[in-house]
Amino acid sequence: MAAVENPLRCLALRVQPDRAGLIDLVEVASYLDEIAGERQWMTAEQWLFIDPPAEAEGETTLPVVMPVGAATRAVLNDLTGEPPRIITDYQMSPAETRRWRWYASLSHPADLPKSLFPWERSALA
């Protein structure tokens, strides 16, 4: 039987590409560290497993995955920004969580027996 995953949230984060269409991922990381906590999130440079949410139509967004507690902090902290950058968030399904864990193994390799999300690795340190 597969291990039970802790619930995760996926946020649609509004970003502003530059003239060349590139997204400043350093700025994104800094912002997410500030609103959610360091190493409490993971993002991809594009929507990998689902389409961007309908609420984000016409805007450039990135998917950001994090534990429920970090997502709650992020959403509340983001409300102070003008305009808020989190367009929407939702509870991820177990299948989506497995896909993101697979992605974590590619983008954040660890010398451990299983793939870990950044927040799981920081808990071991």
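Criteria and thresholds
- Residues numbered from 1 in each chain as written.
- Predicted model: local features only at pLDDT ≥ 70, side-chain atom pairs only at ≥ 80, totals over all residues.
- Heavy atoms only, no water.
- Helix = DSSP H or I, 4+ residues; strand = E, 2+ residues; numbered from the N terminus.
- Buried < 20%, exposed > 50% of the residue type's maximum accessible area, 1.4 Å probe, protein only.
- Contact = heavy atoms within 4.5 Å.
- Areas by Shrake-Rupley, 256 points an atom, 1.4 Å probe, with all protein chains shown as cover.
- 1 Å grid on protein atoms, 1.4 Å probe; cavity = no way out; pocket = protein on both sides within 12 Å on 5 of 7 lines; lining within 4 Å.
- Points joined across faces, edges and corners; volume = space filled by probe spheres on them.
- Nonpolar A, V, L, I, M, F, W, Y, C, P; charged D, E, K, R; others polar.
- Polar contact = N/O pair within 3.5 Å; in protein donor to acceptor, adjacent residues only side chain to side chain.
- Pairing = 2+ DSSP bridges.
- Axes fitted to C-alpha atoms, helices over the stretch in contact; angles between N-to-C directions.
- Parallel < 35°, antiparallel > 145°, perpendicular 65-115°, else oblique.

Asks: Kindly report on the overall build of the protein, identifying the contributing residues and their values.
Replies: What the protein contains, in helices and strands, is four helices and four strands. Split into buried and exposed, the 125 residues of the protein put 36% on the buried side. Relative to all contacts within the protein whose residues are 6 or more apart in sequence, the contacts with residues 24 or more apart total 72%. Accessible surface computed for the protein: about 7700 Å², of which carbon and sulfur atoms make up 54%.

Asks: I'd like a rundown of empty space enclosed by the protein, residues and numbers included.
Replies: According to the stated counting rule, one finds one cavity of 30 Å³ or more in the structure shown. As a volume, the largest cavity reaches approximately 40 Å³. Along the walls of the largest cavity sit C10, W47, L48, F49, I50, P63, Y90, E96 and W100, which together make up its complete lining. Partitioned by chemical class, the residues of the lining of the largest cavity number eight nonpolar, no polar and one charged.

Asks: Give me the lowdown on the environment of G69, citing residues and values where you can.
Replies: Inspection of the secondary structure assignment puts G69 in helix 2 (residues 68-78). With 33 residues separating them along the chain, G69 and A36 place their C-alpha atoms 8.6 Å apart.

Asks: Explain the side chain of T43 residue by residue, including any values.
Replies: With respect to the helices and strands, T43 occurs in strand 2 (residues 42-43). Within the structure, T43 has its side chain in polar contact with the backbone oxygen of P63 (distance 2.5 Å). Residues in contact with T43, not counting those within four places in the same chain, are L62, P63, V64, W100 and Y103.

Asks: Give me the sheet that holds strand 3 (residues 61-67): which residues, what numbers.
Replies: The sheet built from four strands is open, its strands ordered 2-3-1-4 with antiparallel pairing. The open sheet is flanked by strand 2 and strand 4 (86-91), the only strands paired with a single partner. Strand direction decides the pairing type here: strand 2 and strand 3, joined by two bridges, are antiparallel. Bridged to M42 within strand 3 is V65. Against the sheet, helix 1 (residues 25-36) touches strand 1 (8-14), strand 3 and strand 4, its axis set at about 35° to strand 3. Together, strand 1, strand 3 and strand 4 form the strand contacts of helix 2, whose direction differs from that of strand 3 by roughly 130°.

Asks: So, the packing of helix 1 against helix 2: which residues are in play, and what are the values?
Replies: It is the contact of helix 1 with helix 2, at a shortest axis distance of 7 Å, that shows an interaxial angle of 105°. Compared by their axis directions, helix 1 and helix 2 come out roughly perpendicular. Taking contact as the criterion, the partners of Y31, E34, I35 and A36 in helix 1 are, on helix 2, A70, R73, A74, N77 and D78. Here the residues of the contact of helix 1 with helix 2 sort into five nonpolar, one polar and three charged.

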